[in-house]
Number of protein chains: 2
Amino acid sequence: MLEMGGNGAHEIVARLYPRTGAAYTIGITGSPGAGKSTLTDRLVTLIRQGGDEVGVLAVDPSSPFSGGAILGDRVRMQDHATDAGVFIRSMATRGHLGGLALATPQAVRVLDAAGKPWVIIETVGVGQVEVEVAGAADTTVVVVNPGWGDSVQANKAGLLEIADVFVINKADRDGAAETRRDLEMMLEMTNFPDADDWRPPIVDTVATTGEGVGALWRAVGDHRASLEASGELDRRRRARVRHELHDIVLQRLHERASEICSGEKFDTAANAVLAREVDPYAAADRLMGS
Amino acid sequence: MLEMGGNGAHEIVARLYPRTGAAYTIGITGSPGAGKSTLTDRLVTLIRQGGDEVGVLAVDPSSPFSGGAILGDRVRMQDHATDAGVFIRSMATRGHLGGLALATPQAVRVLDAAGKPWVIIETVGVGQVEVEVAGAADTTVVVVNPGWGDSVQANKAGLLEIADVFVINKADRDGAAETRRDLEMMLEMTNFPDADDWRPPIVDTVATTGEGVGALWRAVGDHRASLEASGELDRRRRARVRHELHDIVLQRLHERASEICSGEKFDTAANAVLAREVDPYAAADRLMGS
């Protein structure tokens, strides 16, 4: 259970941070029931067979508890529970100070510092959460199912924006071909300015049998190679750090606002404004010590 | 045309502030087309007949322009255009730094400092805007029309929360009695802990003919008397000032975050984080000079 986002986070990150930076992060996102957990499980098996260690971060933005609700879903992962090469952590984000945007990179760093060269971030994707998780991952895999096109019309553009790899899971079901055509059409309408630009591939999988998981892993590898060759990986990580710094600064300033706007000093300032001894802007400046 | 919310606001408020505090503010809110402008016009006439001066602040949260869209609606107000005892200002809030919550009290202060004992804040009420305008007014009048009950189901609770006086305008139309019953039922379900607690009256008006406007003005006067007798007026204004101070502090801190997170110093910090010379939290603290 990780408790991230508060002040304790600072010390943990300070200690871990110099030992991070080697992990490659893969985000797996999509609607509930799309098969993300099973897919993650299959990927973990594949990575372990290749000899690498792997960390898994399961993010549940709806649960107020770390561990609980997600662990139920994690029963399948029991295969890996006794494998020291697999490090599984679940994280609830509801009520987290600073939210997912601050908590995710810190949780990833714990797995990174533990020496896992691969970190999979699996999330129950709901709108903004998908985007924030994508912001924390080097490669973002968006998992859809046959028939998907009808149900999430509104969110299609957002998914297209963040997807580096599309997976049609449960591809043995009716409608898989239509879903592929749908995705291909979306991709065709997207502008890829350069010939070298990465164009998200679409991979069919049946996670329950393991079918297509090898192809998915190759697609992730291809995307990583493309990011590294073009310098885009550095650019992404640079943008990510800048974004995180900005979020931390904002969080700190909000904490400061709460401090400033409470206690005796604030009461005194409010009373002075009410008595018209000072105007609200001057009072605010005085409170802030500027 | 008022340009409020930026840095210029500080100087204006600083100069005006000592001369404010005498005005009593009345918020008039309700759906577009409910008849707020006509009602405001009638109230202005009534106030002027009583010998008092009055300021009117028209808030349009959707318009990016000050003056324009609202002025069209203000043609009726032309009667008062040459009357020095009436001071009319319109304010657009879209894109305003700090938003309506910061801009409204400042605009009210301009009218207050101009010596108007009454300031009417008329707004095109759309959800949050109604609440923010109510926060700036001593008495909040919520204007509805017959048949209203069917259309704004979702917002009823919010209106009940802010209404000090309900007006059923266009009360000569079908459905006025049902709307009154509807409002009365809502009020009955509301808990008024003390016998002395103000219970929002419901006033029927036909703004186009002026019918009921006298009763509305008496209801506003009753509410003011109740607020003053109970000490609630002071409590409201105190809460308002505290809220405004908090908003200003937050705005200042956000401005500071934007400054901190730009320029060469920020680039250097981000690069140091990327090079793992410093962790993000320590870098943020260093940037903030703490």
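It should be emphasised that the depicted structure is a prediction, and the values quoted were computed from it without experimental measurement.

Undergrad: When you look at the overall build of chain A in this model, what are you seeing that I'm missing?
TA: Tallying secondary structure elements over chain A gives 12 helices and 7 strands in all. When burial is assessed residue by residue, chain A has 45% of its 290 residues classed as buried. Partitioning the contacts of chain A with sequence separation of at least 6, the portion at a separation of at least 24 is 76%.

Undergrad: Looking at this model, I keep getting lost on the interface of chain B and chain A. Mind explaining?
TA: Accessible area lost on assembly of the parts is the figure often given for the size of an interface. Residue-level contacts link 35 residues of chain B with 35 residues of chain A. Those elements that place two or more of their residues in the side of chain B that touches chain A are α1 (8-16), α10 (232-260), α11 (263-274) and α12 (280-287) of chain B. When grouped by side-chain class, the residues that make up the side of chain B that touches chain A number 24 nonpolar, 3 polar and 8 charged.

Undergrad: Got a minute to help me understand the packing of helix α2 (residues 36-49) of chain B against helix α9 (residues 213-230) of chain B in this structure?
TA: Each pair of packed helices can be described by the angle between their axes along with the distance between the axes. All names here are of chain B. Relative to each other, α2 and α9 sit at 75 degrees, their axes nearing to 10 Å. In terms of orientation, α2 lies roughly perpendicular with respect to α9. Only Val213, Gly214 and Trp217 of α9 make contact with α2, whose side of the interface consists of Arg42, Leu43 and Leu46. Grouping the amino acids of the contact of α2 with α9 by side-chain chemistry returns 4 nonpolar, 1 polar and 1 charged.

Undergrad: Help me understand unusual backbone geometry, please; the structure alone is not making it clear to me.
TA: Glycine aside, a negative phi is what most residues show, and trans is what most peptide bonds show. For A:Lys170, which is not glycine, the phi dihedral falls at a positive 60 degrees. Inspection of the secondary structure assignment puts A:Lys170 in the loop between β6 (165-169) and α8 (176-188).

Undergrad: Whenever I open this one, helix α12 (residues 280-287) of chain A confuses me. Can you help?
TA: For the α-helix, the turn length of 3.6 residues means that residues three or four positions removed from each other point alike. All names here are of chain A. Listed as buried for α12 are Pro280, Tyr281, Ala283, Ala284 and Leu287. Buried positions in α12, seen along its axis, are confined to an arc of 160 degrees and lie on one side of it. Positioned one or two residues after α12, glycine 289 has a phi angle of 70 degrees, which is positive.

Undergrad: Would you take a moment to explain the relation of the copies chain B and chain A for this structure?
TA: Between the two copies of the chain lies a rotation about an axis combined with a shift along it. For the match of chain B to chain A, the screw axis carries a shift of 0.0 Å, the RMSD comes to 0.0 Å, and the turn is 180 degrees. Considering both components of the superposition, the chain copies are consistent with a two-fold axis. Using C-alpha coordinates, one finds that chain B approaches the rotation axis most closely at B:Leu253, a distance of 3.0 Å. Both copies contact each other with a shared surface, as 100% of the interface residues of chain B are interface residues in chain A too.

Undergrad: Please explain the environment of A:Glu244 as it appears in this structure.
TA: Mapped onto the fold, A:Glu244 is located in helix α10 (residues 232-260). Along the sequence, A:Glu244 and A:Leu102 sit 142 residues apart, while their C-alpha atoms lie 6.8 Å from each other.

Basis of the calculations
- Residues numbered from 1 in each chain as written.
- Chains lettered and ligands numbered in written order.
- Predicted model: local features only at pLDDT ≥ 70, side-chain atom pairs only at ≥ 80, totals over all residues.
- Helix = DSSP H or I, 4+ residues; strand = E, 2+ residues; numbered from the N terminus.
- Buried ≥ 20, exposed ≤ 12 C-beta atoms within 10 Å, placed from the backbone.
- Contact = placed C-beta atoms within 7 Å.
- Nonpolar A, V, L, I, M, F, W, Y, C, P; charged D, E, K, R; others polar.
- Axes fitted to C-alpha atoms, helices over the stretch in contact; angles between N-to-C directions.
- Parallel < 35°, antiparallel > 145°, perpendicular 65-115°, else oblique.
- Arc of directions from axis to C-beta.
- Least-squares fit on C-alpha atoms with pLDDT ≥ 70 in both.

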